[in-house]
Amino acid sequence: MTIPNLITIVRLLLVPVIVVSIGAGAWVAAFTLFVIAGLSDGVDGYIARRFDMRSELGAYLDAVADKALLVSIYVSLAIAGVLPGWMAILVVSRDVLILMAVVISWLMARPVAISPLLVSKLNTAAQIGLAALALGSLGLTGAGPDAAAPWLFNAGMAAVVVLTLASAGAYLALWLRHMAE
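Note that the coordinates shown come from a computational prediction; the quantities given were computed from them, not determined experimentally. (Residues numbered from 1 in each chain as written. Predicted model: local features only at pLDDT ≥ 70, side-chain atom pairs only at ≥ 80, totals over all residues. Heavy atoms only, no water.)

This part is about the packing of helix α2 (residues 27–50) against helix α5 (residues 118–141). At a closest axis distance of 7 Å, the pairing of α2 and α5 adopts a crossing angle of 145°. Where α2 crosses over α5, the handedness of that crossing is left-handed. On α5, the residues touching Trp27, Val28, Ala30, Phe31 and Phe34 of α2 are Ile128, Ala131, Ala132, Leu135, Gly136, Leu138, Gly139 and Leu140. (Axes fitted to C-alpha atoms, helices over the stretch in contact; angles between N-to-C directions. Helix = DSSP H or I, 4+ residues; strand = E, 2+ residues; numbered from the N terminus. Left-handed = near helix turned anticlockwise from the far one by under 90°. Contact = heavy atoms within 4.5 Å.)

Next up, the structure:
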């Protein structure tokens, strides 16, 4: 067990605490913990690369922690009425689509290697940005993101929708090509 893996596990353990904070309307706590989780993601990656502590387990844990954090926050923010429910469904559906494609490929003995695409990295950045905007505006101003910065909130939502759909489409196209070979 490496230091980066331990940091990632702590990030994973922060997820339910952030969800509870959102559910309780403790926006300052939710935003602060979200920032800590984000910083820990950068720190664990830096330590792993800098001190040659990369591992297969770490790569899986990091991906699971990132997905758990974003999916949980989007669902929680939708339940809290901060984000529209359809947006949470879109974000979750993209991840379920990718997961099901990998499982089907594996079950059919045609495993597919999924590596992050540029559009996927941009999608993750947009999702993080919108979540940070929502949590930050509630935590720092007490106003929802649609009141604190409506144009920025609407632009963030549009970016998440477009990039989530583009990313899902790109992975689906890669998977279909792989399965047709």
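Further remarks concern the packing of aromatic side chains. Considering all chains together, one arrives at 0 aromatic pairs under this definition. Directly above the aromatic system of phenylalanine 51 lies the positively charged group of arginine 50, at a separation of 5.2 Å from the ring centroid. (Phe/Tyr/Trp six-rings, centres within 6.5 Å; stacked < 30°, edge-to-face > 60°. Lys NZ or Arg CZ within 6 Å of the ring centre and 35° of its normal.)

Turning to a nonpolar patch on the surface, a few remarks are in order. A contiguous nonpolar patch, built from Val96, Leu99, Met100, Val103, Ile104, Trp106, Leu107 and Met108 and spanning about 790 Å² of accessible area, is present on the exposed surface. Among the structural elements, valine 96 can be located in helix α4 (residues 85–107). (Patch = residues over 30% accessible without salt bridge, like charges linked within 9 Å, V, L, I, M, F, W, Y side chains within 5 Å. Areas by Shrake-Rupley, 256 points an atom, 1.4 Å probe, with all protein chains shown as cover. Salt bridge = Lys/Arg side-chain N within 4 Å of Asp/Glu carboxyl O.)

Let us now look at the layout of surface pockets. If you add up the space inside the largest pocket, you get close to 1,400 Å³. Lining the largest pocket are 43 residues, with Ala59, Asp62, Ala63, Val64 and Asp66 sitting closest to its centre. Elements with a minimum of two residues in the lining of the largest pocket: α1 (3–23), α2, α3 (56–79), α4 and α5. (1 Å grid on protein atoms, 1.4 Å probe; cavity = no way out; pocket = protein on both sides within 12 Å on 5 of 7 lines; lining within 4 Å. Points joined across faces, edges and corners; volume = space filled by probe spheres on them.)

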